[in-house]
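Okay, here's what each chain looks like letter by letter:
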Amino acid sequence: VSKYDIVKLIVPNFKPAKDVGTAFAPTNIALIKYWGKRNQELNLPMTSSLSISLADHGAHTAVSLSDADTIQLNGDVVDASSAFAKRLIQFLNLFRGPGVCFNIAIQSNVPIAAGLASSACGFASIVKALNDLYQWDLNAKSLSILARLGSGSACRSLWDGFVLWHAGVLDNGMDSYGEVLEEQWPDLRVGLLLIDTQEKSIGSRAAMQRTVDTSILYRAWPQKVSHDMPLLRQAISCKNFQIMGEIAESNALAMHATMLSASPSICYTTPETLMAMQKIWRLRAQGLSVYYTQDAGPNLKLLFLQKDHDTVIAEFNDAVIINPFSG
Ligand code: PMV
């Protein structure tokens, strides 16, 4: 099954209904991570995952018809020979008839490629913008499947709030998509601790695959997710912040353990990351209810409640604080 087969199953036509399609998609941070694929072509995951979307932090995208393919990121033209441009053009090739070219203008307010899920909101916003350009009128579930073909975690960026990505069992992945949870948690806060926003040395795609192929600890990962998922779901539904924080932090640490044991080893944690972790653990020992999660990069995302906002800000002056339920 190819990506193109899936697009054909979902998309009704390639006839642009207007000159420009626009959309916004929020970025999302996984509390239970997606780590490892059962199908690399379709980005089908080994396990389900669960995320929180970051409200107005994400990507605005405009897709317009053009004489040649061009890409702009935050106002700058992206070199067509860069890996980023090639990946985008390959994705766009799935969604056009002969002779059609696009100008893609992405405005993102999350640091690109720093493990802050910029590809998630990028691909989700492109799929939504194409849905607008072609006036397909697809539902969020179909858009989620299409966004997954660009980047796995993008399938969780079609909604605000908590989103569960069902791993699915089908070979064509038509049962592997995001679903928004009904629970709201207005007191929940996410703090972005930007430790290093340089481009990372190894992307999540390659890191994930190397881990699946070579890490002796990877076989424990599906068990870890099966253990954590019901506990997190329960913590969300009864708003037990301590359990949510413990599960999210432990899930991230377990994911990084699978990477450390890959060959060659993958370590996104820098001395600064480790210092921030130790500070979080120290603050917790002193009674502050703050936890973290970490993705494929050195930055941390703090998890805390509104009541501790001032204390957290005092300890982490430059954290960017997000209220996921502000919309
Ligand atoms: O979809 P990708 O290739 O950006 O992978 C995302 C991987 C993690 O951010 C580490 C985990 C996740 O679930 O978002």
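Quick notes on the rules
Numbering of residues begins from 1 in every chain and follows the order in which that chain's sequence is written. Where local features are concerned, this predicted model is filtered to residues with pLDDT of at least 70; where side-chain atom pairs are given and counted, the filter is 80 or more; whole-chain, interface and lining totals use all residues. Note that water and hydrogens are dropped before the side-chain values are worked out from all heavy atoms of the structure. When the centres of two rings from Phe, Tyr and Trp lie within 6.5 Å, Trp using its six-membered ring, the rings pair. Their planes under 30 degrees apart give stacked, over 60 give edge-to-face, and anything left gives tilted. The classification of residues rests on relative accessible area computed with a 1.4 Å probe and restricted to protein chains. Under 20% of the type maximum is buried, over 50% is exposed, and intermediate values are partly exposed. Think of it as a cone above the ring: NZ of Lys or CZ of Arg counts as a charge over the ring if it is within 6 Å of the ring centre and within 35 degrees of the ring normal. Counting from the N terminus, the helices are the DSSP runs of H or I reaching at least four residues and the strands are the DSSP runs of E reaching at least two. Here, residues are in contact when the closest pair of their heavy atoms is within 4.5 Å. One less than the number of residues in a helix, times 1.5 Å, gives the span that helix is expected to have. When we speak of the arc, we mean the arc of directions from the helix axis to the C-beta atoms. Polar contacts here mean pairs of N or O atoms no more than 3.5 Å apart (in protein, one a potential hydrogen donor and the other a potential acceptor; neighbouring residues in sequence count only if both atoms are side-chain atoms).

Draft legend 1. Representation of the packing of aromatic side chains within the structure. This model, assessed by the stated rule, comprises ten aromatic pairs. Between Phe 91 and Phe 95 the ring centres are 5.1 Å apart and the planes differ by 65°, which places this aromatic pair in the edge-to-face class. Just as Phe 91 is buried, Phe 95 falls in that class too. Summarising the aromatic geometry, the rings of Tyr 134 and Trp 136 are spaced 4.7 Å apart at their centres and angled 10° between planes, so their arrangement reads as stacked. With respect to class, Tyr 134 is no different from Trp 136; both count as buried. Three or more aromatic residues joined by ring pairs make a cluster, and in this case those are Phe 14, Phe 91, Phe 95, Phe 123, Tyr 134 and Trp 136. Note that Lys 279 overlies the ring of Phe 316, its terminal NZ or CZ placed 4.6 Å from the centroid.

Draft legend 2. Highlighting the environment of Asp 187. Within the fold, Asp 187 resides in the loop between strand S9 (178-180) and strand S10 (188-193). For Asp 187, a relative accessible area of 44% puts it in the partly exposed group. The sequence separation of Asp 187 and Lys 18 amounts to 169 residues, and the corresponding C-alpha distance is 41 Å. If near-sequence neighbours (up to four positions away) are discounted, Asp 187 is found in contact with Phe 304, Leu 305 and Gln 306.

Draft legend 3. Structural view of helix H8 (residues 271-285). The terminal C-alpha atoms of H8 lie 21 Å apart, and with 15 residues this matches the ideal 21 Å at 1.5 Å per residue to within 8%. Taken residue by residue, H8 has Thr 273, Ala 276, Met 277, Ile 280 and Leu 283 as its buried positions. Considered in projection along H8, the buried side chains sweep an arc of 125° and stay on one side of the axis. Within H8, the exposed residues directed more than 90 degrees away from the buried face are Pro 271, Met 275 and Ala 285.

Draft legend 4. The arrangement of the side chain of Asn 43 in detail. Topologically, Asn 43 is positioned in the loop between strand S2 (37-39) and strand S3 (44-45). Within the structure, Asn 43 has its side chain in polar contact with the side chain of Lys 37 (distance 2.9 Å). Separated by 2.8 Å, the side chain of Asn 43 and the backbone oxygen of Arg 148 make a polar contact. The contacts of Asn 43, once residues within four sequence positions are left out, are Tyr 34, Lys 37, Arg 148, Leu 149, Gly 150, Ser 151, Gly 152, Trp 165 and Arg 205.

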